[in-house]
Amino acid sequence: MPLKVQTTKAAKAAAAAAGSKKSKKKWNKGKVKDRADHMVILDQDKYDRILKDVPTYKFISVSVLVDRLKIGGSVARVALRQMEKDGLIKCVDKHSKQLIYTRATA
């Protein structure tokens, strides 16, 4: 059995430092969700599109308007209240957290 060669403290420290040069493994690839860029102020063409398209939907809610029309939630809530007042849509269920509407049939 060969004799073990004694190393100095400085040699041991240098060997330990050389072994830790490798970077740690990253577990995620750093994917970041794209931030939605929805309109918070209506322009005239978006307003006209809301008045034309939304009353034809079978199921109407704030989340449907946000998703399809790319508008903010507060704008969608105001638009729904206005269309209900005008008689373009009718309320199915009204809850503090979720408003569900459908198209108004004569």
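Residues numbered from 1 in each chain as written. Predicted model: local features only at pLDDT ≥ 70, side-chain atom pairs only at ≥ 80, totals over all residues. Heavy atoms only, no water.

Going by what an unreviewed UniProt entry lists, the protein chain is known as 40S ribosomal protein S25 and is assigned to Dekkera bruxellensis. The Sequence similarities (unreviewed entry) field of the UniProt record for the protein chain holds the comment "Belongs to the eukaryotic ribosomal protein eS25 family." (UniProt positions renumbered as here; feature names shortened; annotations may be inferred.)

1. Let's talk about the nonpolar core
In terms of nonpolar packing, the biggest core is built from 18 residues, with V54, L65 and L80 touching the most fellow members. Every element with two or more residues in this core is listed here: helix 3 (62-69), helix 4 (73-86) and strand 3 (99-103). The residues touching L65, leaving out its near neighbours within four places in the chain, are V54, Y57, K70, I71, A76 and L80. (Core = buried A, V, L, I, M, F, W, Y, C linked by side-chain atoms within 4.5 Å. Buried < 20%, exposed > 50% of the residue type's maximum accessible area, 1.4 Å probe, protein only. Helix = DSSP H or I, 4+ residues; strand = E, 2+ residues; numbered from the N terminus. Contact = heavy atoms within 4.5 Å.)

2. Observations regarding the sheet that holds strand 3
Pairing between the strands of a sheet comes from backbone hydrogen bonds, and it takes one of two forms, parallel or antiparallel. Read across the sheet, 3 strands follow the order 1-3-2 without closing on themselves; strand pairing throughout is antiparallel. A strand with exactly one partner marks an edge of an open sheet, and here the two such strands are strand 1 (60-61) and strand 2 (89-94). Bridge count between strand 2 and strand 3: 5 bridges; the pairing is antiparallel. Bridge pairing in strand 3 links K90 to T102. (Pairing = 2+ DSSP bridges.)

3. Overview of a nonpolar patch on the surface
Taken together, the side chains of L42, Y47, L51 and L88 define a hydrophobic patch exposed on the protein surface, amounting to about 280 Å² of accessible area. Of note, L42 is situated in the loop between helix 1 (9-19) and helix 2 (44-53). Using a relative accessible area of 32% as the deciding quantity, one classes L42 as partly exposed. (Patch = residues over 30% accessible without salt bridge, like charges linked within 9 Å, V, L, I, M, F, W, Y side chains within 5 Å. Areas by Shrake-Rupley, 256 points an atom, 1.4 Å probe, with all protein chains shown as cover. Salt bridge = Lys/Arg side-chain N within 4 Å of Asp/Glu carboxyl O.)

4. Details of the pattern of salt bridges
A complete count under the given rule lists 3 salt bridges for this structure. The partner of E84 in a salt bridge is K94, and the shortest N-O contact between them spans 3.7 Å. A residue pair is termed long-range when its members are at least 10 positions apart, and E84 in helix 4 and K94 in strand 2 qualify at 10 residues. When its relative accessible area of 26% is taken as the criterion, E84 is described as partly exposed. Salt bridges sharing partners connect three or more residues here, namely R49, K52 and D53.

5. Let's talk about the packing of aromatic side chains
Per the stated rule, a full pass over the model turns up 0 aromatic pairs. In this arrangement the basic side chain of R68 is found over the ring face of Y57, its NZ or CZ atom lying 4.3 Å from the centre. (Phe/Tyr/Trp six-rings, centres within 6.5 Å; stacked < 30°, edge-to-face > 60°. Lys NZ or Arg CZ within 6 Å of the ring centre and 35° of its normal.)

6. Brief notes about helix 4
Taking 1.5 Å as the rise per residue, helix 4 with 14 residues should run 20 Å; its terminal C-alpha atoms sit 20 Å apart, in good agreement. Within helix 4 the residues assigned to the buried category are V75, A76, A79, L80 and M83. Angular distribution of buried residues about the axis of helix 4 spans 135 degrees; they occupy a single face of the element. G87 lies just past helix 4 and shows a positive phi near 85 degrees. (Expected span 1.5 Å × (residues − 1). Arc of directions from axis to C-beta.)

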